[in-house]
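Take a look at the letters that make up each chain.
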Amino acid sequence: MKKIVSIILLLVFALSIFTVSFASSKNAIKIGVDLELSQAVAQYGQKELEGIRLAIDEINKKGGIGGKKIELVVIDNKSDKTEAQNVATKLAVRENVLAILGPATSGATKSAAVAATKHKVPIISPSATDDAVTVDERTGKTKAYVFRTCFNDSFQGNVMANFALKTLKAKKAAIIYDATSDYSKGLLKNFKNIFEKSGGKVIAQEAFGKGEQDFSSILTKIRAKNPDVLFAPVYYDEAGLIIKQARELGMNIPILGADGFDDPKVVEKAGKKNANNVFFSAHYSSQDTDVKVQEFIKKFKAKYNQEPNAFAALGYDLGYFIADALKRANLKFDSVAKDRERLKAAIENTKNFVGVTGIISINKYHNAEKSAVIIELKDGVQKFKQKLNP
Amino acid sequence: MSTFMQQLINGITLGSIYALISLGYTMVYGIIKLINFAHGDIFMVGAYIAYLSVTYLKLGLIPSLIISMMFCSILGMLIEKFAYKPLRNSPRISALITAIGVSLLLENLMQIVMGADSRVFPRLVDEKNYHLFQSKIVINNKQIYLLIITIILMIILNFVVKRTKVGKAMRAVSQDMDAARLMGINVDTTISYTFAIGSALAAAAGVLVGLYYNTINPLMGVLPGLKAFIAAVFGGIGIIPGAMLGGFSLGIIETLVSGYGSSMYKDAVAFALLILILIIKPSGLLGKNIKEKV
């Protein structure tokens, strides 16, 4: 008797999973979103979600994909690596999404990618720049289901090291980095490699831990060594504080950063008069006169009543990017697993997709080949400095 | 040498923050032998109240500081009344667990109300840097404010405890709660006052930290709260000058560790210090060894 009951229960359970998976593909195409919407780097996730929503709303208004609307299943990963993986599993198994968009940061994406790979769901990050996100460090093999629509840190570290050497004529660089962040460590490695190969010297390399607010002792130590530039591969929260505290200690050397600096909070925290002589690589500049960029800014302002930053732009591009792949994927809605494979093939074959942040082609490492811009802060205002191609 | 002097200044600044928070810690412990783990979160609430009064009521530094201190002293009294008082006769561990509960409650409540993201604290004072010795040493006017306000608050606190009636009652309650009650002291009121004063000090520290780093977030109280606890134990928990001494020592030691070693070790050193002091002199630097009477 017990056996029969348990078999029936099992059948009911199995059927319920089955029906869920079919129900999702009948009326709408489910796409998961696994983003940092609260805690430490919430600003990135929130902006990206605004961008994704704007894009998906536009696509749905125009009729969606083959008559079906795209439905976003958004779950917050709380800026936490473990949580990012849980969210990815939940999206893959319980929500039966065709693809996962996000997370924003490298560490979270790497751990979410483990779950996505296991369940064979394509996962696309709009802004995880660490090289090891899409390529396994040990084997050098591309991770089959992991993609990104931004450039990677080798490119970004390269760009900044060359900028320091050639444009700023720097010989001695100091680095301050977050030892608990994959993003920070990845950039440090790439910057240092290129900078030292091309004749520069890294004279100080100082680590700090998660949540640090007081950098004055580290900066005092660096100041004593008289570097020509300070490279700080960190996120916006620390970036503002580092700039402010360095300037208050009388350090007026150029401060270099990467895309983590691209947020209004950096200037708010540093103070306008301190936010000078600061340079960073970014995904896009709102001063770009390109029609597509200006059109996006107008639409974003109309919907959210504020200026979009690079992360909003990356999110917007990701929305259209996935829609483009869905259109080309020739989805049959027979089984979620098969449709995921079709979608994955379509993403891999993306060539010359025109977005707001540049023209994207996915290469064999599942990275986006696209250009970067260098932005300078002058009295807290972003100035477009250079555009660099890969 | 100039680098060392600069590090010392950095350390004193950090130390005054720890000292201010640990004053409240030490008072509460001294009187009811409760480690108030929610203290660091009251510090955080203090920073947010000042933030709100500056942004929405457009008040200056001193009025917002006073509003924040008043709000937090009421908050402290309420926490005492609802969370700790019902457990006053329970085992010490129950009170400790409640304290942790209150701490988590405040953190998460603030994340719901104000959002989890960090906020920029408005610039309330004109920033000025003073350069000494061919500009090798830089002192910021906010660092001076921080130090002066800390010292003033400590002097006021010392005066309250040593010279006023409330202070006398506090000292009596800390010696023997039952005997004090027999002598006609209202123990509940006295404990309420202690929480009010302790929380007001935490609030002041929160506002000053917001001003100094110009950034606040709902979890900003966690680590400083723990550090202030270490500072209080280091100087001798329950002793007001001890909290001050412990705070400054911890700030300077941490700064020197990250200035001459690595910033990654400074938290480890702080906690190692706590363990060491507990082994060598459990009553703290200024504590006296009191023999238990049998």
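Everything numeric here is computed off the predicted structure, so don't read it as measured data.

Colleague: Tell me about the nonpolar core, and name the residues and values.
Modeller: Counting residues in hydrophobic clusters, the biggest one holds 179 residues, and the most contacted among them are Ile31(A), Ile176(A) and Leu326(A). Considering every element that reaches this core, the biggest residue donor is helix H8 (residues 187-213) of chain B, with 15 residues. Here this core spans two domains, and each of domain 1 (28-151 + 290-370) and domain 2 (154-282) of chain A adds at least three residues to it. Sequence-distant contacts of Ile31(A), defined by excluding residues within four places in its chain, comprise Ile70(A), Glu71(A), Leu72(A), Val73(A), Val97(A), Leu98(A), Ala99(A), Leu101(A), Ile322(A) and Leu326(A). Counting 19 residues, the second largest nonpolar core, distinct from the first, contains Val73(A), Ile100(A), Val121(A) and Val146(A).

Colleague: Before we move on, can you summarise the sheet that holds strand E11 (residues 353-355) of chain A with the specific residues and values?
Modeller: All names here are of chain A. Read from one edge to the other, the open sheet built from three strands follows the order E11-E12-E13, with strand pairing classed as antiparallel. Since the sheet does not close on itself, it has two edges, and those belong to E11 and strand E13 (368-369), each with one partner. When E11 meets strand E12 (residues 358-362), the two strands line up antiparallel, connected through three bridges. Considered in E12, the bridge of Val 354 is made with Ile 359.

Colleague: Just give me the short version of the packing of helix H5 (residues 141-163) of chain B against helix H10 (residues 240-260) of chain B, but keep the residues and values in it.
Modeller: Residues and elements named next belong to chain B. At a closest axis distance of 10 Å, the pairing of H5 and H10 adopts a crossing angle of 160°. By the criterion of interaxial angle, the relationship of H5 to H10 is roughly antiparallel. Every pair of crossing elements has a handedness; the one defined by H5 and H10 is right-handed. When H5 is examined against H10, the residues Leu 147, Thr 150, Ile 151, Met 154, Leu 157, Asn 158 and Val 161 are found in contact with a partner set consisting of Ile 240, Pro 241, Met 244 and Phe 248.

Colleague: Help me get a handle on the UniProt feature "domain: Leucine-binding protein" (unreviewed entry) in chain A, residues and values and all.
Modeller: Mapped onto this numbering, the UniProt entry gives "domain: Leucine-binding protein" (unreviewed entry) at residues 29-379 of chain A. Along residues 29-379 of chain A the backbone is 43% helical and 19% strand, and the end-to-end C-alpha distance reaches 46 Å.

Colleague: So what's going on with the interface of chain A and chain B? Residues and values would help.
Modeller: Listed by partner, the interface residues are 35 residues for chain A and 31 residues for chain B. For the pair chain A and chain B, the summed buried area comes to about 2600 Å², and 44% of that belongs to carbon and sulfur atoms. Together, Gln39(A), Gln213(A) and Glu248(A) form the three largest contributors to the area buried by chain A at its contact with chain B, with a combined 21%. For the pair chain A and chain B, the number of links is one salt bridge. We note a salt bridge from Glu212(A) to Lys266(B), for which the minimum N-O separation is 2.7 Å. Seen at the junction of chain A and chain B, the total is 15 residue pairs in polar contact (both at pLDDT 80 or more). When contributions to the side of chain A that touches chain B are tallied by element, the ones reaching two or more residues are helix H2 (42-61), strand E7 (201-208), helix H7 (216-223), helix H8 (236-248) and helix H9 (264-270) of chain A.

Colleague: Explain the domain arrangement of chain A residue by residue, including any values.
Modeller: Residue and element names in this part refer to chain A. In terms of domain boundaries, chain A breaks down into domain 1 (28-151 + 290-370) and domain 2 (154-282). Inter-centroid distance (C-alpha atoms) of domain 1 to domain 2 is 29 Å. Between domain 1 and domain 2, the residue contacts involve 20 residues of the former and 17 residues of the latter. Between domain 1 and domain 2, the buried area comes to about 1500 Å², and carbon and sulfur atoms account for 47% of it. Contact with domain 2 buries area across many residues of domain 1, yet Gln 43, Tyr 44 and Phe 151 alone supply 34% of it, more than any other trio. Our count for the domain 1 to domain 2 interface comes out at two salt bridges. In this structure, Lys 81 engages Asp 182 in a salt bridge whose closest nitrogen and oxygen atoms are separated by 4.0 Å. Scanning the region where domain 1 abuts domain 2 turns up five residue pairs in polar contact (both at pLDDT 80 or more). When contributions to the side of domain 1 that touches domain 2 are tallied by element, the ones reaching two or more residues are H2, helix H4 (106-118) and helix H11 (310-328). Here the side of domain 1 that touches domain 2 is composed, by residue class, of seven nonpolar, seven polar and six charged.

Colleague: Outline the confidence of the model for chain B, listing residues and values.
Modeller: All names here are of chain B. Predicted confidence across chain B gives a mean pLDDT of 88, with 97% of residues reaching 70 or more. No element of chain B has a lower mean pLDDT than strand E2 (residues 129-132), which averages 80, and none a higher one than helix H2 (residues 39-55), which averages 94. Across the assembled chains, the prediction reports ipTM 0.83 with pTM 0.79.

Colleague: Account for the packing of H11(A) against helix H12 (residues 336-348) of chain A, naming residues and giving values.
Modeller: Residue and element names in this part refer to chain A. Axis separation between H11 and H12 bottoms out at 8 Å; the angle between their running directions is 115°. Between H11 and H12 lies a crossing of right-handed hand. Across the interface between the two elements, Phe 321, Ile 322, Ala 325, Leu 326 and Arg 328 from H11 touch Leu 343, Ala 346 and Ile 347 from H12. Taken together, the residues that form the contact of H11 with H12 break down as seven nonpolar, no polar and one charged.

Colleague: Got a sec to walk through the sheet that holds strand E2 (residues 69-76) of chain A? Specific residues and values, please.
Modeller: Residue and element names in this part refer to chain A. Taken in spatial order, the five strands line up as E2-E1-E3-E4-E5 in an open sheet, and their pairing is parallel. Every other strand in the sheet has two partners, leaving E2 and strand E5 (146-148) as the edge strands with one partner each. Put simply, the sheet's adjacent strands are angled 25° from each other on average, direction ignored. Pairing analysis gives two bridges linking strand E3 (residues 99-101) to strand E4 (residues 123-125), with the strands arranged parallel. Across the sheet, residue Ile 100 finds its bridge partner in E4, namely Ile 123. H2 contacts strand E1 (28-35), E2 and E3 of the sheet and is inclined by roughly 165° relative to E2.

Colleague: Break down the UniProt feature "transmembrane region" (unreviewed entry) in chain B for me, with residues and values.
Modeller: Residue and element names in this part refer to chain B. As annotated by UniProt and renumbered to match this structure, "transmembrane region" (unreviewed entry) occupies residues 12-35, 95-114, 144-161, 191-213, 228-256 and 268-287. The straight-line gap between the two end C-alpha atoms of residues 12-35 is 25 Å; of that span, 88% is helix and 0% is strand. Within residues 191-213, the helical portion is 100% and the strand portion 0%, while the C-alpha atoms at the span's ends are 33 Å from each other.

Colleague: Give me a positive patch on the surface: which residues, what numbers.
Modeller: All names here are of chain B. A grouping of Lys 162, Arg 163, Lys 165, Lys 168 and Arg 171 is seen on the molecular surface, where their side chains present a positively charged patch. Elements that contribute at least two residues to the positive patch include exactly H5 and helix H6 (165-175). Here the element with the most residues in the positive patch is H6; it accounts for three residues. Relative to the helices and strands, Lys 168 is located in helix H6.

Colleague: For the packing of aromatic side chains, give the residues involved together with the corresponding values.
Modeller: Describing an aromatic ring pair means giving the distance of the ring centres and the angle of the ring planes. This structure, assessed with the given rule, holds 21 aromatic pairs over all chains. Ring geometry for Phe208(A) and Phe215(A): centres 4.8 Å apart, planes at 80°, overall edge-to-face. Residue class for Phe215(A) comes out buried when judged on its relative accessible area of 0%. Ring centres of Phe37(B) and Phe229(B) lie 5.7 Å apart, and the angle between their planes is 55°; on these two criteria the pair is classed as tilted. Pair noted here: Phe37(B) is in the loop between helix H1 (2-32) and H2 and Phe229(B) is in helix H9 (residues 222-235), with a separation of 192 residues, a long-range link.

What counts, and at which threshold
- Residues numbered from 1 in each chain as written.
- Chains lettered and ligands numbered in written order.
- Predicted model: local features only at pLDDT ≥ 70, side-chain atom pairs only at ≥ 80, totals over all residues.
- Heavy atoms only, no water.
- Core = buried A, V, L, I, M, F, W, Y, C linked by side-chain atoms within 4.5 Å.
- Buried < 20%, exposed > 50% of the residue type's maximum accessible area, 1.4 Å probe, protein only.
- Helix = DSSP H or I, 4+ residues; strand = E, 2+ residues; numbered from the N terminus.
- Domains from an automatic or database assignment.
- Contact = heavy atoms within 4.5 Å.
- Pairing = 2+ DSSP bridges.
- Axes fitted to C-alpha atoms, helices over the stretch in contact; angles between N-to-C directions.
- Parallel < 35°, antiparallel > 145°, perpendicular 65-115°, else oblique.
- Left-handed = near helix turned anticlockwise from the far one by under 90°.
- UniProt positions renumbered as here; feature names shortened; annotations may be inferred.
- Buried area = accessible area lost by both parts, 1.4 Å probe.
- Salt bridge = Lys/Arg side-chain N within 4 Å of Asp/Glu carboxyl O.
- Polar contact = N/O pair within 3.5 Å; in protein donor to acceptor, adjacent residues only side chain to side chain.
- Nonpolar A, V, L, I, M, F, W, Y, C, P; charged D, E, K, R; others polar.
- pLDDT = per-residue confidence, 0-100.
- Patch = residues over 30% accessible without salt bridge, like charges linked within 9 Å, V, L, I, M, F, W, Y side chains within 5 Å.
- Areas by Shrake-Rupley, 256 points an atom, 1.4 Å probe, with all protein chains shown as cover.
- Lys, Arg positive; Asp, Glu negative; His and termini not counted.
- Charge placed at Lys NZ, Arg CZ, Asp CG, Glu CD.
- Phe/Tyr/Trp six-rings, centres within 6.5 Å; stacked < 30°, edge-to-face > 60°.

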